[in-house]
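Close look at the chain arrangement
Each chain, written out:
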Amino acid sequence: MQTIADVAARFGALRQELDRVIIGQERVKTLAIASLVAGGHMLLEGAPGTGKTLLSLALARLLGCRFRRIQFTPDLMPADLLGANIFNQKSQEFVFRPGPVFTDVLLADEINRTPPRTQAALLEAMQENAVTIDGIRYEVSQVFTVFATQNPVEFEGTYPLPEAQRDRFLFKITIDFPEAADEEKMLSAYAVGERLHDEIVKSLQPVITAEELAQARRTVAASIHVEPHIIRYIQEIVSRTRHDDAVQIGAGPRASLALLEASRALAALSNRSFITPDDVKSLVEPVLAHRVTLSPDAEMEGLALSDILSRIYEQVEVPR
């Protein structure tokens, strides 16, 4: 029977392999792996060249799962994602041809470059592990996971994700520019011929299979104990986003569940069978930042969403 120690060891090995490709960005890597353990989807946002796609490709190679990549463009249609019924001339019947969504890990590159209609095509698969085509429901992989990337500095030809779409992502992970020391290490590696984007990524071998990933998620759900005071702590933090004067749209119940499941995953990666308040506190921003909308007045005053979220959770009494 798999234990939390087994989960921590297996994903620790995955982290070591990921460190070969992504230099620095320690928090980003921790959140990405926690998202996998929690069974959530992640939205990676950062300026061009910060490693969003590289991180996704490296994780995909480390998972012994089926992988598909789609470059989202303005002319991408829902059928290009989900598939369609194609008429077979020989049999004189319509035959369903599955789209790229029928995989284990889907990289949705530059997801905000496609119109909302195509973005919405992912909603059912992300929430219910199924898609409906012409009235017929088709199951997708039980470990179906979306890695979506978007560029925050390019606005021409982009379509901001609707609230309902953003709410399906467990985390919004912001990838900043690397620290000077980390960038120097990267340059030094390339200077001696180590091409992280090519040779190192191709050399990565799967560490976890799809079945082991599913089993790890079941183990975490069954083995991480959640005290009642932690549940109240999570509920109060999320609830306060709905009543803050600087917030126009607060986080819904799905955010509470996301904060709980993400905290469980973080505890498991630390080889603990219980959640601490620090687990919850460290995940408030990546779980809530894309689910909370500031009021027009707050935006006019130049208030930062991260500061508002910090103020909210600092007002909540930390349980002993």
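Notes on the structure in this doc start here. (Residues numbered from 1 in each chain as written. Predicted model: local features only at pLDDT ≥ 70, side-chain atom pairs only at ≥ 80, totals over all residues. Heavy atoms only, no water.)

**A look at the overall build of the chain**
This is how it is decided: Strands here are runs of E lasting at least two residues and helices are runs of H or I lasting at least four, both read from the DSSP assignment and numbered beginning at the N terminus. Each radius of gyration reported is based on C-alpha atoms, and the globular scaling rule is 2.2 Å times the count of residues to the power 0.38. Burial classes: relative accessible area under 20% of the type maximum marks a residue as buried, over 50% as exposed, and values in between as partly exposed (1.4 Å probe, protein chains only). The contact rule is simple, with two residues in contact once any of their heavy atoms fall within 4.5 Å. Shrake-Rupley sampling with a 1.4 Å probe provides the accessible areas, and residues are treated as covered by the protein chains on show and by no other component.
Secondary structure assignment for the chain yields 15 helices and 13 strands. Over its C-alpha trace the chain gives a radius of gyration of 20 Å, about what one expects of a compact globule, namely 20 Å for 320 residues. Over its C-alpha atoms, taken along the principal directions, the chain stretches across nearly 70 × 50 × 45 Å. Within the chain, buried positions represent 50% of all 320 residues. Intrachain contacts of the chain at a sequence separation of at least 6 include 76% that bridge at least 24 residues. With the model as given, the accessible surface of the chain reaches about 15700 Å², and the carbon-plus-sulfur share is 52%.

**What about the nonpolar core?**
What counts, and what does not: The nonpolar core is taken to be a set of buried Ala, Val, Leu, Ile, Met, Phe, Trp, Tyr and Cys residues, with the residues joined through side-chain atoms within 4.5 Å.
Within the largest apolar cluster, 76 residues are counted, with the highest numbers of intra-cluster contacts made by L55, L59, F171 and L288. Ranked by the residues each element gives to this core, the list is headed by helix α12 (residues 253–269), at nine residues. Contact partners of L59, with chain neighbours within four places excluded, come to L14, L18, A32, L36, M42 and F147. Within the second largest apolar cluster, 25 residues are counted, among which are L76, V101, L106 and I133.

**Re the packing of aromatic side chains**
For clarity, the threshold we go by: We call Phe, Tyr and Trp rings a pair once their centres come within 6.5 Å, taking the six-membered ring for Trp, and we label the pair stacked below 30 degrees between planes, edge-to-face above 60, and tilted otherwise. By definition here, charges over rings are those cases where NZ of Lys or CZ of Arg is within 6 Å of the ring centre and within 35 degrees of the ring normal.
Tallying each qualifying case throughout the model produces two aromatic pairs. When the centroid spacing of 5.7 Å and the interplanar angle of 70° are considered together, the rings of F96 and F102 count as edge-to-face. Pair check on accessibility: F96 and F102 agree, each one buried. Under the relative-accessibility criterion, F96 is labelled buried at 17%. An aromatic cluster is present here, built from F96, F102 and Y138 joined pairwise through their rings. Across the ring face of F274, the terminal group of R272 is positioned such that the distance to the ring centre comes to 5.6 Å.

**Side note on the layout of surface pockets**
Empty space among the atoms becomes apparent when a probe as large as a water molecule is rolled across them. Going by this rule: In this analysis the probe radius is 1.4 Å and the grid spacing 1 Å, with only protein atoms considered; a cavity is a set of points the probe fits into but cannot get out of, a pocket is an open set with protein on both sides within 12 Å along at least five of seven lines, and lining residues have an atom within 4 Å of a point. Grid points are joined across faces, edges and corners, and a volume is the space filled by probe spheres set on the points. Gly falls in the polar group here, along with every residue not listed as nonpolar (Ala, Val, Leu, Ile, Met, Phe, Trp, Tyr, Cys, Pro) or charged (Asp, Glu, Lys, Arg).
Taken as a whole, the largest pocket holds about 960 Å³ of empty space. Along the walls of the largest pocket sit 40 residues, with E45, K172, T174, A289 and L305 positioned nearest its centre. Those elements that provide at least two residues to the lining of the largest pocket are α2 (26–38), β1 (41–46), α7 (163–166), β10 (169–175), α13 (277–288), β13 (293–294) and α15 (305–315). Each residue belonging to the lining of the largest pocket can be placed in one class, and the counts come to 18 nonpolar, 11 polar and 11 charged.

**Observations concerning the pattern of salt bridges**
Rule in force here: A side-chain nitrogen of Lys or Arg and a carboxyl oxygen of Asp or Glu constitute a salt bridge if their distance falls within 4 Å.
Going through the model one piece at a time under the given rule, you end up with 20 salt bridges. The salt bridge involving D19 is made with R15; its shortest N-O contact spans 3.4 Å. A residue pair is termed a helical-turn pair when its members lie 3 or 4 positions apart in one helix, as D19 and R15 do in helix α1 (residues 4–19) at four residues. For D19, a relative accessible area of 32% translates into the label partly exposed.

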